[in-house]
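# Notes for the structure review
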Amino acid sequence: MKIVGEKLESWALGQQDEAEKDLFGRSAFNRYYYAVFLSTRVMLGEFKARWRGTMPARIPDLLRTSVRKEVAKTSKAAARKGLISEAESSQIIQQHNVSVRALAGLLEDAYQVRIIADYEPEIVVHQERDVLSLDSHKLTSAKTWPDRAESYCKSIRKVWKELGLA
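These numbers come from a predicted model, not from an experiment.

## Overview of the nonpolar core
- Counting 42 residues, the largest nonpolar core has Phe 29, Met 43, Leu 44, Leu 63, Val 67, Leu 103 and Trp 145 as the members making the most contacts within it.
- When residues of this core are traced back to their parent elements, those giving at least two are helix H1 (2-14), helix H2 (18-47), helix H3 (59-80), helix H4 (86-119), strand E2 (131-134), helix H5 (139-142) and helix H6 (145-162).
- Looking at this core element by element, the count peaks at 10 residues for H4.
- Ignoring anything within four residues of it in the chain, the contact list for Phe 29 reads Val 113, Ala 117, Leu 132, Ser 133, Leu 134, His 137, Lys 138, Leu 139, Ala 142 and Trp 145.

Shown next as C-alpha cells:
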C-alpha cells in the first residue's frame, strides 16, 4: 500500500488541474492509512486469529485493552514462577505499553485523516511548494505512517515472542 500512496502523491503533485490534484492527494492519504491498518491487522492475526477481523476503528481500543492485558498477565505470571525477575517483568510491560500506545495513537490519527479524505470533500487538498496538505495534515507526514507502524509492530511482536505468546 505504501508504494501506491507514493505513486498517488507523485501524480497529485504533477497535476495542474486542482480537482485532480485533490482526488489523487486524498487517495494517497487513504493508501498510507491502509498500509498502517493492514500491517497492524496482520500482526494482530498472528497473535489471535479472531483479532484479524477487528474493524479498523476498534483496533486502537483492542491494542490498549486486550493486547496490553495479555502481555501484563503473562509477564507477571512468569515473574511469579521465577522465570523472570519482577524488574524484568516491569520492563517488558513498560516497553510493550509504549509501543502499543504509540501504534494506537498513530492508528487513531491516521484514521481521522482518512475520514476527512473520504467523507469531507469540502476540505480540499492544497499544495505549498512540493507538499500537499489536507486540513492541517501534510502528506509528507502521512508518508511516514507505514514505516512507523512497522517499527511499533516489530517491537510488539518481539515482546510477544519473548513471552511465548506468539
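So that's the structure; there's more coming.
## Focus on the environment of Asp 135
- Its place among the elements puts Asp 135 in the loop between E2 and strand E3 (137-138).
- Residue classification places Asp 135 among the partly exposed residues on the basis of a relative accessible area of 48%.
- Excluding residues that lie within four positions of it along the chain, Asp 135 makes contacts with Ile 116 and Ile 123.

## Points about unusual backbone geometry
- Even without being glycine, Arg 129 reaches a positive phi, approximately 60°.
- Examined against the element boundaries, Arg 129 turns out to sit in the loop between strand E1 (125-128) and E2.
- Residue classification places Arg 129 among the exposed positions, given a relative accessible area of 76%.
- At Asp 135, a residue that is not glycine, the phi angle is positive and equals roughly 60°.

## Overview of the pattern of salt bridges
- Tallying each qualifying case throughout the model produces 9 salt bridges.
- Among the salt bridges present, the one from Lys 2 reaches Glu 6, with a minimum N-O distance of 3.9 Å. Of this pair, Lys 2 and Glu 6 both sit in helix H1, 4 residues apart, which is roughly one turn of that helix.
- Overall, the relative accessible area of 23% leaves Lys 2 in the partly exposed class.
- Measuring nitrogen to oxygen at the nearest pair gives 3.3 Å for the salt bridge that ties Lys 158 to Glu 162. Residue Lys 158 and its partner Glu 162 are located together in helix H6, separated by 4 residues, close to a single helical turn.
- Classification of Lys 158 by relative accessible area gives partly exposed; the value is 43%.
- Each member of the salt-bridge network shares a partner with another, and the members are Lys 2, Glu 6 and Asp 147.

## As for the sheet that holds E1
- The strand order across the open sheet built from 3 strands is E1-E2-E3, with neighbouring strands paired in antiparallel fashion. Each having just a single partner strand, E1 and E3 make up the two edges of the open sheet.
- In terms of strand pairing, E2 meets E3 through 2 bridges, oriented antiparallel. By the bridge assignment, Ser 133 is partnered in E3 with Lys 138.
- Each of E1, E2 and E3 is contacted by H2, which is oriented at about 80° to E2, the strand it contacts most.

## Notes on the side chain of Lys 21
- Looking at the secondary structure, you find Lys 21 in helix H2.
- Apart from the residues within four sequence positions on either side, Lys 21 is in contact with Ala 12, Leu 13, Gln 15, Val 125, Gln 127 and Leu 132.

## Digging into the pairing of E2
- Alignment of E1 against E2, held across 4 bridges, turns out to be antiparallel. Pairing of Glu 128 across the sheet is with Val 131, part of E2.
- Where E1 hands over to E2, the hairpin turn is made up of 2 residues, of which Arg 129 adopts a positive phi near 60°.
- In this structure, the hairpin formed by E2 and E3 is closed by a connection of 2 residues, where Asp 135 is found at a positive phi of approximately 60°.

Here is what the cut-offs are and how they apply
- Starting from 1, residues in each chain are numbered consecutively following that chain's sequence as written.
- Only residues with pLDDT of 70 or above have their local features reported here, since the model is predicted, and side-chain atom pairs are shown and tallied only from 80 upward, although totals for entire chains, interfaces and linings are computed over all residues.
- Hydrogen atoms and water are omitted, and side-chain values are computed over all heavy atoms in the structure.
- What is meant by a nonpolar core is a set of buried Ala, Val, Leu, Ile, Met, Phe, Trp, Tyr and Cys residues, joined one to another through side-chain atoms within 4.5 Å.
- A simple rule labels every residue: compare its accessible area, found with a 1.4 Å probe on the protein chains alone, to the largest value its type can have, and call it buried under 20%, exposed over 50%, or partly exposed in between.
- In this text, helices come from DSSP runs of H or I with a minimum length of four residues, and strands from runs of E with a minimum of two, each type numbered from the N-terminal end.
- Contact between two residues is taken to exist if any of their heavy atoms lie within 4.5 Å; hydrogens are not considered.
- Salt bridge, as used here, is a side-chain nitrogen of Lys or Arg placed within 4 Å of a carboxyl oxygen of Asp or Glu.
- Two strands are counted as paired when DSSP detects at least two bridges linking them.
- To obtain each axis, a line is fitted to C-alpha atoms, and for helices this fit is confined to the stretch in contact; angles are then taken between N-to-C directions over 0 to 180 degrees.

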